[in-house]
Amino acid sequence: MCTRAGSTVVVDDVIYFAEPMYQDGIIAQAAADCVARGVPYFSSAGNQANRGFRQVFKDIDPADDRSGTPTGKDLHNWGGGDGFLDLTLPPGSTVRVVLQWNQPFASVSPGNGAQVDLDLYVTPTPNASGLSRPITRSLGQQGTTGNPRGDAVEIVSVSNFGANAKTVYIAIEHYDGSQSMIPQDSTTPLEFRLVFFESNFRTTTIQGILDHTSAFGGPTIYGHAVAPGVVSVAAVPWFDTQVFNPNFTPSTTVDPEDFSSRGGAISVQFDASGAFVPRMSQEPDIAAVDGNNTTFFGFPLNLGGYEGEPDAFPNFFGTSAAAPNAAAVAALMREYHGALTPDEILAAMVNTAIDITGTRAAVGRDDVTGAGLIDANAALGALQAGPNGTINTPSGNVSILVGQSVNFSGTGTSPDGNVPLSFFWDFGGGAANASVENPGHVVFNKIGVFTVTFTVSDNQGTSDVTPAAIRVTVSSPASATTRGGGGGGGGCTLDPHGAADFTLLIALSGILAYVVWRRRTGQQMC
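What counts and how
- Residues numbered from 1 in each chain as written.
- Predicted model: local features only at pLDDT ≥ 70, side-chain atom pairs only at ≥ 80, totals over all residues.
- Heavy atoms only, no water.
- Helix = DSSP H or I, 4+ residues; strand = E, 2+ residues; numbered from the N terminus.
- Buried < 20%, exposed > 50% of the residue type's maximum accessible area, 1.4 Å probe, protein only.
- Contact = heavy atoms within 4.5 Å.
- Pairing = 2+ DSSP bridges.
- Core = buried A, V, L, I, M, F, W, Y, C linked by side-chain atoms within 4.5 Å.
- Phe/Tyr/Trp six-rings, centres within 6.5 Å; stacked < 30°, edge-to-face > 60°.
- Axes fitted to C-alpha atoms, helices over the stretch in contact; angles between N-to-C directions.
- Expected span 1.5 Å × (residues − 1).
- Salt bridge = Lys/Arg side-chain N within 4 Å of Asp/Glu carboxyl O.
- Polar contact = N/O pair within 3.5 Å; in protein donor to acceptor, adjacent residues only side chain to side chain.
- Parallel < 35°, antiparallel > 145°, perpendicular 65-115°, else oblique.
- Left-handed = near helix turned anticlockwise from the far one by under 90°.
- 1 Å grid on protein atoms, 1.4 Å probe; cavity = no way out; pocket = protein on both sides within 12 Å on 5 of 7 lines; lining within 4 Å.
- Points joined across faces, edges and corners; volume = space filled by probe spheres on them.
- Nonpolar A, V, L, I, M, F, W, Y, C, P; charged D, E, K, R; others polar.

*Asks:* Got a minute to help me understand the overall build of the protein chain in this structure?
*Replies:* Across its full length, the protein chain holds five helices and 28 strands. Scored against the burial criterion, the 526 residues of the protein chain give a buried share of 46%. A separation threshold of at least 6 residues defines the contact pool for the protein chain, and within that pool the share at least 24 residues apart is 70%.

*Asks:* Whenever I open this one, the sheet that holds strand S7 (residues 136–138) confuses me. Can you help?
*Replies:* Consider a sheet: its strands pair through backbone hydrogen bonds, and that pairing is either parallel or antiparallel. Strand order in the open sheet formed by five strands is S7-S6-S9-S4-S11, with antiparallel pairing between adjacent strands. Each edge of the open sheet is held by one strand with a lone partner, namely S7 and strand S11 (205–206). Two elements, strand S6 (residues 116–123) and strand S9 (residues 166–177), share eight bridges in a ladder whose sense is antiparallel. The residue of S9 that forms the bridge with Asp119 is Glu173.

*Asks:* When you look at the environment of Phe313 in this model, what are you seeing that I'm missing?
*Replies:* Looking at where Phe313 falls in the secondary structure, it is placed in the loop between strand S16 (292–293) and strand S17 (315–316). Its relative accessible area of 55% is what places Phe313 among the exposed residues.

*Asks:* Where do I start with the nonpolar core in this structure?
*Replies:* As a rule of thumb, soluble globular proteins bury nonpolar side chains together. One finds Leu87, Ile170, Ile172, Leu194 and Phe196 to be the most contacted residues of the largest nonpolar core, which totals 38 residues. Only strand S4 (85–89), strand S5 (93–101), S6, strand S8 (153–160), S9 and strand S10 (191–198) provide two or more residues apiece to this core. Not counting chain neighbours up to four residues away, the residues in contact with Phe196 comprise Gln48, Arg51, Gly52, Phe53, Leu85, Leu87, Val95, Arg96, Val97, Ile170 and Ile206. Grouped together as the second largest cluster of nonpolar side chains are 27 residues, Phe201, Ala323, Leu346 and Ala371 included.

*Asks:* Looking at this model, I keep getting lost on the packing of aromatic side chains. Mind explaining?
*Replies:* The description of two aromatic rings rests on the distance between their centres and on the angle between their planes. Across all of its chains, the model carries 16 aromatic pairs by this definition. Between the aromatic rings of Phe270 and Phe276, the centroid separation amounts to 5.7 Å while the plane-to-plane angle is 70°, which identifies the pairing as edge-to-face. Ring centres 4.4 Å apart and planes at 20° place the aromatic pair Trp425 and Phe454 in the stacked group. Taken together, the residues Trp425 in strand S21 (residues 422–426) and Phe454 in strand S23 (residues 448–457) connect sequence positions 29 residues apart. For Trp425, a relative accessible area of 0% puts it in the buried group. Given a relative accessible area of 0%, Phe454 falls into the buried group. Aromatic ring contacts, followed pair by pair, group Phe408, Phe423, Trp425, Phe427, Phe444, Phe450 and Phe454 into a single cluster.

*Asks:* Mind showing me how you'd approach the sheet that holds S23 here?
*Replies:* The strand order across the open sheet formed by four strands is S19-S24-S23-S21, and the pairing between neighbours is mixed. Both edges of this open sheet fall to strand S19 (398–401) and S21, since each of them pairs with a single strand only. Shown here is a sheet whose adjacent strand axes are inclined to one another by a mean of 20°, direction ignored. Two elements, S19 and strand S24 (residues 468–475), share four bridges in a ladder whose sense is parallel. If you follow Leu401 over to S24, its bridge partner there is Ser475.

*Asks:* Looking at this structure, I do not really get helix H3 (residues 319–336). What am I missing?
*Replies:* The periodicity of an α-helix, 3.6 residues per turn, causes residues three or four positions apart to be oriented the same way. With 18 residues, H3 extends 26 Å from end C-alpha to end C-alpha; this agrees with the ideal 26 Å at 1.5 Å per step. Regarding H3, the residues found buried are Thr319, Ser320, Ala321, Ala322, Ala323, Ala326, Ala327, Val329, Ala330, Met333 and Arg334.

*Asks:* Explain the pattern of salt bridges here, please?
*Replies:* Here the idea is simple: oppositely charged side chains can pair when their charged atoms come close. On inspection of all chains with the given rule, the structure shows six salt bridges. With a shortest N-O distance of 4.0 Å, Arg365 and Asp285 are connected by a salt bridge. Of the two residues, Arg365 sits in the loop between helix H4 (342–351) and helix H5 (376–383) while Asp285 sits in the loop between strand S14 (276–283) and strand S15 (286–290), which places them 80 residues apart along the sequence.

*Asks:* Got a minute to help me understand the side chain of Gln103 in this structure?
*Replies:* Following the sequence through the fold, Gln103 ends up in the loop between S5 and S6. From its side chain, Gln103 meets the backbone nitrogen of Gln115 in a polar contact 2.7 Å long. At 2.9 Å, the side chain of Gln103 and the side chain of Gln184 are in polar contact. Every residue in contact with Gln103, bar those within four places of it in the chain, is listed here: Ala114, Gln115, Val116, Ala152, Ile182, Pro183, Gln184 and Phe270.

*Asks:* In this structure, what is going on with the packing of H3 against H4? I would like to understand it.
*Replies:* The geometry of a pair of packed helices is captured by two quantities: the angle between their axes and the separation between those axes. Across the interface, H3 lies against H4 with an axial gap of 11 Å and an inter-helix angle of 115°. Judged on the interaxial angle alone, H4 and H3 are roughly perpendicular. Crossing of H3 over H4 shows right-handed handedness. Contacts between H3 and H4 involve Ala326, Val329, Ala330, Met333 and Arg334 from the former and Pro342, Ile345, Ala348 and Met349 from the latter.

*Asks:* Sorry, what's going on with the layout of surface pockets here?
*Replies:* Vacant regions in the atomic arrangement are exposed by a probe of water-molecule size rolled over the atoms. Here the largest pocket defines a volume of roughly 250 Å³. Residue lining of the largest pocket: 18 residues in total, with Asp117, Asp119, Gly140, Gln141 and Tyr175 positioned closest to the centre. Looking at the lining of the largest pocket residue by residue, the class counts come to four nonpolar, eight polar and six charged. By volume, the second largest pocket is sized at about 200 Å³. As for the second largest pocket, its lining consists of 16 residues, and the residues nearest its centre are Asp13, Val14, Ile15, Ser44 and Gly46. Broken down by class, the residue content of the lining of the second largest pocket amounts to six nonpolar, nine polar and one charged.

*Asks:* Explain unusual backbone geometry here, please?
*Replies:* In this chain, Glu283 is followed by Pro284 through a cis amide linkage whose omega measures -10°. Tracing the sequence through the fold places Pro284 in the loop between S14 and S15. With omega at 5°, the peptide bond leading from Val419 into Pro420 counts as cis. Position of Pro420 among the secondary structure elements: in the loop between strand S20 (405–413) and S21. Unusually for a residue other than glycine, Ala49 sits at a positive phi of about 50°. In this structure, Ala49 sits in the loop between strand S2 (41–44) and strand S3 (52–56). For Ala49, a relative accessible area of 0% translates into the label buried. Of note, the phi angle at Arg360 is positive, near 80°, even though the residue is not glycine. Structurally, the position occupied by Arg360 is in the loop between H4 and H5. Since its relative accessible area comes to 7%, Arg360 is described here as buried.

Take a look at the structure:
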């Protein structure tokens, strides 16, 4: 897309479950390379809300570090010595659970894979018996300290095909390797992330996640959406915005979609080679609207937000809909100014974004909507060059004597064609200001150094942000000077009107003046 197809903006709405969370995988590297080539890349933040965990691994019994059939003593302690996390599925639902921990992937960096081995279980009962006869489990082969192997990921899927709700239990087993600090850095603890992909998260219950706000759960954004330079996009329903009606539930201000994935400070700890090179990435970057009308799918693709949108046409909801809307704004910006870099486009979007403060969001940058909702008009306006002013005369800084004049003239232009223009000359207090393009000869009747600026404004009220400026130095004129001789009689008199027998150089506030004088009869020359 970035090389052979010659795309100028790229957008996707895909997440691969096994994309690394703690390392830039091959997809993330490709997306980052796209940005490095000057092509903006947008990706959906995801629709997993806050349905996940990020925790430091705490072994229930660190002294018991056996490998083999789990007994429950090497499980992660969810709290109070409990190694089992309750997960209740409503009838007809499916949940996929992705576990990753802070180790590199051998599939990304061959020969430098995981040095800690964790396993993931779904059990029918919260005890050792359940571990021995699990509903499902994922036992990928990873390595141990000094013996890297495999990818640090386990994935399971569980469904409820019954007529009643069913509770199962999630357990994370430490199989091999360090239980505390990771082998690559003795100051970094072993941690993991768990992300739930649910067919209906509003009726699925996860122990410890009481609602959709960031008071509970953890980050669920990962993969190439977190790659350097890639713009991760959250979702805000179009009908709950300021320009339509922000009073839709759940609050009386603009709310993000309740499913839009939570981000925050995302830790990526390994580079493409598997070396420990940690970096932090604040996600998501920005939010865009979703819920657009479309007949593409042939039916409404509604993820079941807070409230249905107000017209009768089929719609497309999700960050999968928001990301293309953000990319479309970038395409318009590039159409206006083809030389814009990805960083410049994102900066314009971020700096002009509408702050979202409703449910799940917060004042300022937050971990659900990032910088806020894209304002296309404002972002485009931030790119407009604005009017420019040039001082034609004088051509540079000048020095004059008090009472003298300087001829001022200027030229104003508007690259955007927003004419007519208005002009303002500020003479810094040395003379009366002027509101014409060419003030002509301006007399300075005060002694001092004055900064003169020429500001041009267009018919949109936009002014040149860097007005043209010069400096005028105004000094007093030279006067006759006598220096007395010894005893107070005689001395030397400067006579600038006489014949030039000698020349004296005098400096007056930056002005060089030559005063010519001659020796008078009967007087001593100095």
